[in-house]
Amino acid sequence: GKYLSLEDVAELVRPSPLTLRTVQKWLLAAGARNCQSVTTQDFLTCWLSVRQAELLLSGAEFHRYVGGPAEIHVIRSPRPYKLPKALAPHVDFVGGLHRFPPTSSLRQRPEPQVSGTVGLHLGVTPSVIRQRYNLTAQDVGSGTTNNSQACAQFLEQYFHESDLAEFMRLFGGKFAHQASVARVVGQQGRGRAGIEASLDVEYLMSAGANISTWVYSSPGRHESQEPFLQWLLLLSNESALPHVHTVSYGDDEDSLSSVYIHRVNTELMKAAARGLTLLFASGDSGAGCWSVSGRHQFRPSFPASSPYVTTVGGTSFQNPFRVTSEIVDYISGGGFSNVFPQPSYQEEAVAQFLSSSPHLPPSSYFNASGRAYPDVAALSDGYWVVSNSVPIPWVSGTSASTPVFGGVLSLINEHRILNGHPPLGFLNPRLYQQRGAGLFDVTHGCHESCLNEEVQGQGFCSGPGWDPVTGWGTPNFPALLKTLINP
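Calculation criteria
- Residues numbered from 1 in each chain as written.
- Predicted model: local features only at pLDDT ≥ 70, side-chain atom pairs only at ≥ 80, totals over all residues.
- Heavy atoms only, no water.
- Domains from an automatic or database assignment.
- Contact = heavy atoms within 4.5 Å.
- Buried area = accessible area lost by both parts, 1.4 Å probe.
- Salt bridge = Lys/Arg side-chain N within 4 Å of Asp/Glu carboxyl O.
- Polar contact = N/O pair within 3.5 Å; in protein donor to acceptor, adjacent residues only side chain to side chain.
- Helix = DSSP H or I, 4+ residues; strand = E, 2+ residues; numbered from the N terminus.
- Buried < 20%, exposed > 50% of the residue type's maximum accessible area, 1.4 Å probe, protein only.
- Expected span 1.5 Å × (residues − 1).
- 1 Å grid on protein atoms, 1.4 Å probe; cavity = no way out; pocket = protein on both sides within 12 Å on 5 of 7 lines; lining within 4 Å.
- Points joined across faces, edges and corners; volume = space filled by probe spheres on them.
- Nonpolar A, V, L, I, M, F, W, Y, C, P; charged D, E, K, R; others polar.
- UniProt positions renumbered as here; feature names shortened; annotations may be inferred.

Attention shifts here to the domain arrangement of the chain. When the parts come together, some accessible area is lost, and that loss is often what is quoted as the size of the interface. If you check the domain split of the chain, you get domain 1 (6–87) and domain 2 (126–485). Centre-to-centre separation of domain 1 and domain 2, based on C-alpha positions: 31 Å. Taken together, the contacts link 18 residues of domain 1 with 18 residues of domain 2. Across the domain 1/domain 2 interface, buried area totals approximately 1,600 Å², and carbon plus sulfur atoms make up 59% of it. There are 2 salt bridges connecting domain 1 and domain 2. One salt bridge in this structure joins Asp42 and Lys270, with 2.4 Å as the shortest N-O distance. Viewed at the interface, domain 2 and domain 1 are joined by 3 residue pairs in polar contact (both at pLDDT 80 or more). At the level of secondary structure, the elements contributing two or more residues to the side of domain 1 that touches domain 2 comprise α1 (6–13), β2 (44–47) and β4 (72–76).

Under the defined criterion, the tally for this structure stands at 14 salt bridges. Of the charged contacts, one joins Arg263 and Glu267 as a salt bridge, the two residues approaching to 3.0 Å between their closest N and O atoms. With a gap of 4 residues between them, Arg263 and Glu267 both fall in helix α8 (residues 258–273), about one helical turn apart. Since its relative accessible area comes to 10%, Arg263 is described here as buried. Of the residues examined, Glu267 reaches a relative accessible area of 5% and is grouped as buried. Within this structure, Asp42, Asp92, Arg263, Glu267 and Lys270 form a network of salt bridges that share partners.

With 13 residues, helix α6 (residues 195–207) ought to run about 18 Å at 1.5 Å a step, and its terminal C-alpha atoms sit 18 Å apart, in line with that. Among the residues of α6, Glu196, Ala197, Ser198, Leu199, Asp200, Val201, Glu202, Tyr203, Leu204, Met205, Ser206 and Ala207 are the ones counted as buried.

Taken as a whole and assessed by the stated rule, the structure comprises 4 cavities of 30 Å³ or more. Looking at the second largest cavity, its volume works out to about 60 Å³. Taken together, Leu6, Val9, Leu232, Leu235, Ser236, Glu267, Lys270, Ala271 and Arg274 make up the full set of residues lining the second largest cavity. Of all elements in the fold, only α1, α7 (227–235) and α8 reach the threshold of two or more residues within the lining of the second largest cavity. Take the lining of the second largest cavity: its biggest share by element is 3 residues, from α8. For the lining of the second largest cavity, a count of residues per class yields 5 nonpolar, 1 polar and 3 charged.

Okay, the UniProt feature "active site" (unreviewed entry) in the chain next. Taking the UniProt record as the reference, the feature "active site" (unreviewed entry) is found at Glu196, Asp200 and Ser399. For the annotated residues, spread through 204 residues, the largest C-alpha to C-alpha distance comes to 7.1 Å, consistent with a single compact locus. Considering the arrangement of structural elements, one finds Glu196 in helix α6. If you trace the backbone, Ser399 turns up in helix α10 (residues 398–418). At 2.7 Å, the side chain of Ser399 and the side chain of Glu196 are in polar contact.

As a further point, take the UniProt feature "binding site: Ca(2+)" (unreviewed entry) in the chain. Here, the residues flagged by UniProt with the feature "binding site: Ca(2+)" (unreviewed entry) are Asp441, Val442, Gly465 and Asp467. Spatially, the listed residues are clustered: although they cover 27 residues, their C-alpha atoms lie within 9.7 Å of one another. Tracing the backbone through its elements, the reader meets Asp441 in the loop between β22 (439–440) and β23 (446–448). Residue Asp441 is classed as partly exposed on the basis of its relative accessible area of 36%. Setting aside residues up to four positions removed in sequence, Asp441 forms contacts with Gly463, Pro464, Gly465 and Trp472. With respect to the helices and strands, Val442 occurs in the loop between β22 and β23. You can call Val442 buried: its relative accessible area is 1%. Here Val442 is in contact with Thr315, Glu326, Ile327, Val328, Ser462, Gly463, Asp467, Thr470, Gly473 and Thr474, once residues within four sequence places are set aside.

Now the structure itself:
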C-alpha cells in the first residue's frame, strides 16, 4: 500500500536539461507551435502543418484516410520516418503518424433458445451480476469517502447521461446507486451514444454502485491524435486521480512498433508505481491467430499483455438462463506476450499450468516464457445495455467483464479507505501470491484460435488454478473482500 505521488514519479523520469533543450530547439526550428508538456515533462504535444511535419520527419509522407463504420478521418503516413542522428538518443517515438484507430469487437449475439421458464433470467443485468458475485444490497459505496473509479473510451464513442438514468431506472431499483457521472474528462460529443461507451459506464456504476465515477471521453478526435496516448498524457498530468481505471481497448502486439510498445508500457509502470489499479479487457479473439512466414501462431494483444496492468478475461453461465457456475466464454482473450518477459510474480502459477494442462497447443504457437494473461475474469456474455434510449439485449465481449471487475475492486477500496488503509493499487503481485483466494475458479471450456488442421480452432483450455483463458477466476465478493481488506 505504499506508492509514489505524481511529483515523486516526475523526479524519477524527468528528462535531462540537455534532452529538453535539444528537442525544443529542433521543434522550434521546424515551426512547431503551441507545444504542451505534462507534469513529468517526458511527453510533448505540438501542432504542425503537414508540410512542416514532412520536413521535420524525414521520409514521412502524409495522406488523409477515411474508414470504419463512423467514417473517421485521420492523417497518417504509410512510410516510416527518420530522426536526425543528434536527436535519436533523446526521443522515444513520434505518435500520431502510423497507427489507425482500432474498431470495437463488442458483439450482439443471437439469443439462445430456451425451453421452460421457471426461475430464469433473460440476460445479464446488474441484479444477475450482484446475485452471482454475492453482492448484497448493503454492498455499495458509503458516500462518505473520497473513493472514485473511472472508465476510459477511445473509440469515438460517447455515453449519454439520459441512457445511464434510464438504465438505472430499469435495472438499479434494488441497490443504492448514483444515476449520473461525477466528472467527464475530455469533451463529450453530441453524436449518437456508442454501445461500448454505454456498457462501460452502466456496469462500472452498477457493480461499483454508489461510488463517484469519472469518464475519460475521447473527443470528436483531431485528425492526427491518438486517443489512447491522450489518455496516458492525462494520467501524467493529474495528481489526484480515481483509484481504479477500467479500459476496453487493445491492439495486436505485432501491429505496434517496439519503441511505442515499450514506451507505453513505461507509462503503465508509472501508473502502477502511483498506486493506480488499471484493468484492461483481454480481448475478444481468444488466443488470436496470425501467420508468420507461412506458419500459424497465436496473436497476443497489448496492453492486455503488459505486466503492469490487471487483465480481465470473459466467462459465460453454464446455463445461459440461470445464475449457475461459469464456464469459459470462447472469445475470452488470453495467451503469452511475444514482447514482455514473464514477471516473477506469476512464474509459479504459469509453470503449474504448463506442466498440468492436458490440452496444451503445440509449443510453436506461443512464447511460454512471455507475460501470460489474463489475471482474472468475469461474465462477458449476454448483457443488457441501454444505448440511445433503447434497451439492447445479448451484448457480449470482455468490454463487459472489465468494468464489472473494476466495480467490485472499488467496493473493496471503499472498505479499505473506511478502515484507514490505502487503496489496493497495483494488484497482480498480491493476486498471484494469494493464489486466487476469493475468486471462483473457472475450470471448464477452451477459447478460440487458428482454424487450421493442427489446432482446429482451439486455443488454451481452462483448468484448476490459474490459466491463460480466465486467469484465477471470477469475483466472489465476500471472500475477495476478506483476502484484500488488510494492507
